[in-house]
Amino acid sequence: MRTLRVWFQKRGPIRYISHLDLMRTMTRAIRRSGIPLWYTEGFNPHPYMTFALPLSLGMESLCESMDIRIEDDTGEAQILSALQSAMPAGIEITAVKVPVLDPKFIAFAAFDVVFEDVRDSDDFYDKANALLHRDSLVVQKLGKKGHKKVMKDVDLLEHLQSFSLTKDGELLRLQLVLPAGSTTNVNPALLCDELLKLTDGALYRITRTALYTKDMELFA
Amino acid sequence: MFNKEIEKILPLVQKPARYTGGELNSIIKDKNAVKLRYAFCFPDSYEIGMSHLGIKILYDCANARDDVWCERVFAPWHDMEALMRERNLPLYALESGDPIKEFDLIGFTLMYELCYTNVLNMLDLAGLPIRAADRTDLTPIVIGGGACVCNAEPMAEFFDLLCLGEGEEVFDEVFDLLETAKAEGWSKKKFLQAAAQIEGIYVPALYDVTYHNDGTVAAVTPHDGAPEKVKKLVISDLDRVRYPEKFIVPFIEVVHDRVTHEIMRGCIRGCRFCQAGFLYRPIREKSPDTINDQCKRLCDVTGYDEISLSSLSTSDYTQLETLLDKLLEWTIPEKINIALPSLRVDNFSDSLMEKLNKVRRSGLTFAPEAGTQRLRDAINKNVTEEEVLRTSRKAFAGGWTAVKLYFMLGLPTETLDDVAGIADLGQLVVNEFYRNPDKPKGKGVTVSISVASFVPKPFTPFQWEPQDTREMLLEKQAHLLSNIHTKKINASFHKVDISFLEGVFARGDRRLSKVIEYAWAHGCKFDGWDDSFHFDTWMESFSACGVDPLFYTSRRRSFDEVLPWDHLDYGIRKEFLIREAKKAYESKTTPHCRIHCAGCGADRLNGGKCDAHA
Ligand code: SF4
């Protein structure tokens, strides 16, 4: 039995499925692929499968990973192609490797956001830039207090590690790095929703592009 | 796929994956390479629709043709609908994202009466006139299928065609005819007249209904060459009919998320209240080899880890043990569960019990339907108290601690003693648990009693019966509760208002079309959902339209009254139904079809063949 980390992208309409749905989808895909998955012992055996860091509903990603356990020493390349052929549209397996880091070391995530259908892109660019350069931007965020869900204030800009805003014709592109992982997590949609208020009729698409440790080392 | 305007509202709605398509095994074709585009609509939420076996079968059959692209459409939930209306976004099909208004054929599955307002709402959301007469172009043609079609008269004004019976074969002819009509530029009228000649197709507009002064139907008269009686089309050999090789696998959790396999059609039991038991006759079994192969293939392409063997009464499938042996051979190593809903208690042999222990241990359910033997005899539910207790005893010895019992209130000939009998039977099951020496230590028993209200349905021996009023049903519910003396029994009841409305439409006629339209226009939709059901609006709709709902529910019809569905032929003879009704009044049973063919008449649709008689 050995543990492998399966790297995949999640793009297109499948971005609208939740983390729970993704787990179910992956379980079925792995069953279809016929790879020799290792099952837990006991009354209700289930496959071992853990995801590095859940992705919010609605986001695309280039850097998702899940760890699975397989029973024998089938090669990584063979597993990759078996998995790929069983995946639904929108899931692309990019690599199958031996894990290097424990997911608990994930501390930051990088995102790429594209704004489309912006009415006046120059105006939006200026306003967005100004907003991102403010000292603080406090919004309400659903958080937990013990077991209860409560609204909490967060200062998004305080958490923003770095960003770059560029304009390419009518498209506006925002790249940013925010805390992610088990200690602090800031959803980039909170910031994008604020930016969206500066224009109307527009939409944004968020892609998670990379995960990092606290020393900005790439999660692998 | 969906367009950018839809993409803008997806982040604002619950469960956006209901509206995106793209699931595994969904079918994408080149729209320019097909001759017909067919929007297959299920007038309920995605989760309900995607659980329905019929939609999977018909989706597969239609798409098996290269010249047809069949896509799915579900009723958008309230939040999505509000945003779509606010932004003028028309109803679209999941596969292409194209507005269904542009399609050639729009089909609705009518599985229950309470989805009727959703049909209107979906047509309206598509940007189409809801009334058939107001849709004057040849396309889109709006067609309905499913169990309610046996009396969809209340919906007659909205549909162009209704498909009686088993769609796998009828639809092919409809596709062919519509292709010809399109190619040759026929008028809608010409198409409808030609469609009426297809066996199993009913064109409501070609029938005039007249009424007596007392409100009952005087006559239903066909014109323009439509047949006197529209006959249901049955498939004679289930082994040979196409069964999907693939099921779409939803991303989000739906009600039934597994491989479902229909192992037989029809039911030998002849319970007098059960419409499905008569409508899907004659009895046709599928062979264990076919079922086994198809299940295996479906599990391989879906990755599902559960198979449900479905039919109206699974333990009446003659080769159940053979089938289970075949299935268990590969499902055990592949860690796949087998679920067997609709198991009856009486032929639960020891060896079957043993095999069931290998499959998933789900709850133990019985459906005695009535509380006393007298009433069970009257409804021909041949389950005895002794059988219920014996099976419970075995189950308790096997470690079960929860039993669910299904009953109905308001059955014909029911008295308060029969009602109290429900509580008594529950108590006997509880006692049986405590009498069992091997009962699991330290555990109590729960007996759940689920009580529905009886709704008389067309094509059953009870189609002439008055339905209990809401007041009578509430009184019976209270009487039942007052007879339960233990906390081990918990009872739950269906809402009587919902059953009442279901009753109005089940045996309704065309005059109800305006009521449905009024109620829909005043906000009724998703009526089958407790939270969305507005009884007051419905009552207001009846009175605004001058229609007395009690005329449809509370009236005893005479055997010689012309019924709104008399021009539809499901094989079942009226004389047979009358004979059964009279036996019910005397609490006399009719043996099941394998003991003795009761001459229901359904075999006539199948060239005299029925798997239950020689
Ligand atoms: S034809 Fe006879 S055996 Fe067949 S379903 Fe009807 S009554 Fe039963």
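Scoring rules and cut-offs
- Residues numbered from 1 in each chain as written.
- Chains lettered and ligands numbered in written order.
- Predicted model: local features only at pLDDT ≥ 70, side-chain atom pairs only at ≥ 80, totals over all residues.
- Heavy atoms only, no water.
- Contact = heavy atoms within 4.5 Å.
- Buried area = accessible area lost by both parts, 1.4 Å probe.
- Salt bridge = Lys/Arg side-chain N within 4 Å of Asp/Glu carboxyl O.
- Polar contact = N/O pair within 3.5 Å; in protein donor to acceptor, adjacent residues only side chain to side chain.
- Helix = DSSP H or I, 4+ residues; strand = E, 2+ residues; numbered from the N terminus.
- Nonpolar A, V, L, I, M, F, W, Y, C, P; charged D, E, K, R; others polar.
- Core = buried A, V, L, I, M, F, W, Y, C linked by side-chain atoms within 4.5 Å.
- Buried < 20%, exposed > 50% of the residue type's maximum accessible area, 1.4 Å probe, protein only.
- Domains from an automatic or database assignment.
- Pairing = 2+ DSSP bridges.

Points about the interface of chain B and chain A
Line of reasoning, step 1. On the chain A side, the residues contacting the 28 residues of chain B number 23 residues.
Line of reasoning, step 2. Buried area between chain B and chain A, both sides added, is near 2000 Å², and the carbon and sulfur share of it is 57%.
Line of reasoning, step 3. For the chain B face of the interface with chain A, the top three residues by lost area are Glu 7, Lys 8 and Phe 251 of chain B, together amounting to 29%.
Line of reasoning, step 4. Between the two partners, chain B and chain A, sit seven salt bridges.
Line of reasoning, step 5. Asp 117 of chain A is the partner of Lys 8 of chain B in a salt bridge, and the nearest nitrogen-oxygen pair spans 2.8 Å.
Line of reasoning, step 6. Along the contact surface separating chain B from chain A lie 12 residue pairs in polar contact (both at pLDDT 80 or more).
Line of reasoning, step 7. Counting only elements with at least two residues in the side of chain B that touches chain A, the list comes to helix H1 (4–9) and helix H9 (288–302) of chain B.
Line of reasoning, step 8. Considering every element that reaches the side of chain B that touches chain A, the biggest residue donor is H1 of chain B, with four residues.
Line of reasoning, step 9. Considering only residue class, the side of chain B that touches chain A consists of 13 nonpolar, five polar and 10 charged.

Observations concerning the nonpolar core
Line of reasoning, step 1. Counting residues in each nonpolar core, the largest one holds 153 residues, and the members touching the most others are Ile 100, Phe 108, Leu 110, Leu 161, Phe 191, Ile 201 and Trp 538 of chain B.
Line of reasoning, step 2. Contact partners of Ile 100 of chain B, with chain neighbours within four places excluded, come to Ala 39, Cys 41, Val 73, Leu 91, Tyr 92, Ala 93, Ile 106 and Ala 126 of chain B.
Line of reasoning, step 3. In this structure, Met 59, Leu 156, Leu 178 and Phe 219 of chain A belong to the second largest nonpolar core, which totals 40 residues.

A closer look at the domain arrangement of chain B
All names here are of chain B.
Line of reasoning, step 1. If you check the domain split of chain B, you get domain 1 (4–231), domain 2 (236–360 + 571–614) and domain 3 (363–494).
Line of reasoning, step 2. Facing the 29 residues of domain 1 at the interface are 28 residues of domain 2.
Line of reasoning, step 3. Summed over both partners, the interface of domain 1 with domain 2 comes to about 2400 Å²; 64% of that surface belongs to carbon and sulfur atoms.
Line of reasoning, step 4. Counting the surface domain 1 buries against domain 2, the share from its top three residues, Asn 25, Leu 53 and Lys 56, is 23%.
Line of reasoning, step 5. At the junction of domain 1 and domain 2, the tally comes to three salt bridges.

With respect to the pairing of strand S2 (residues 68–74) of chain B
Residue and element names in this part refer to chain B.
Line of reasoning, step 1. Along S2, seven of the seven residues are buried, which leaves the element largely enclosed by surrounding structure.
Line of reasoning, step 2. Going residue by residue along S2, you find Val 68, Cys 70, Arg 72 and Phe 74 tucked away on one face and Trp 69, Glu 71 and Val 73 tucked away on the opposite face as well.
Line of reasoning, step 3. Relative to S2, strand S1 (residues 36–42) runs parallel, the two sharing seven bridges. By the bridge assignment, Cys 41 is partnered in S2 with Val 73.

Some words on the environment of Ile 93 of chain A
Residues and elements named next belong to chain A.
Line of reasoning, step 1. Along the polypeptide, Ile 93 turns up in strand S4 (residues 91–97).
Line of reasoning, step 2. Separated by 87 residues in the primary sequence, Ile 93 and Val 6 have C-alpha atoms spaced 7.2 Å apart.
Line of reasoning, step 3. In this view, Ile 93 contacts Val 6, Trp 7, Phe 8, Leu 80, Leu 83, Gln 84 and Met 87; residues no more than four positions away in its chain are not counted.

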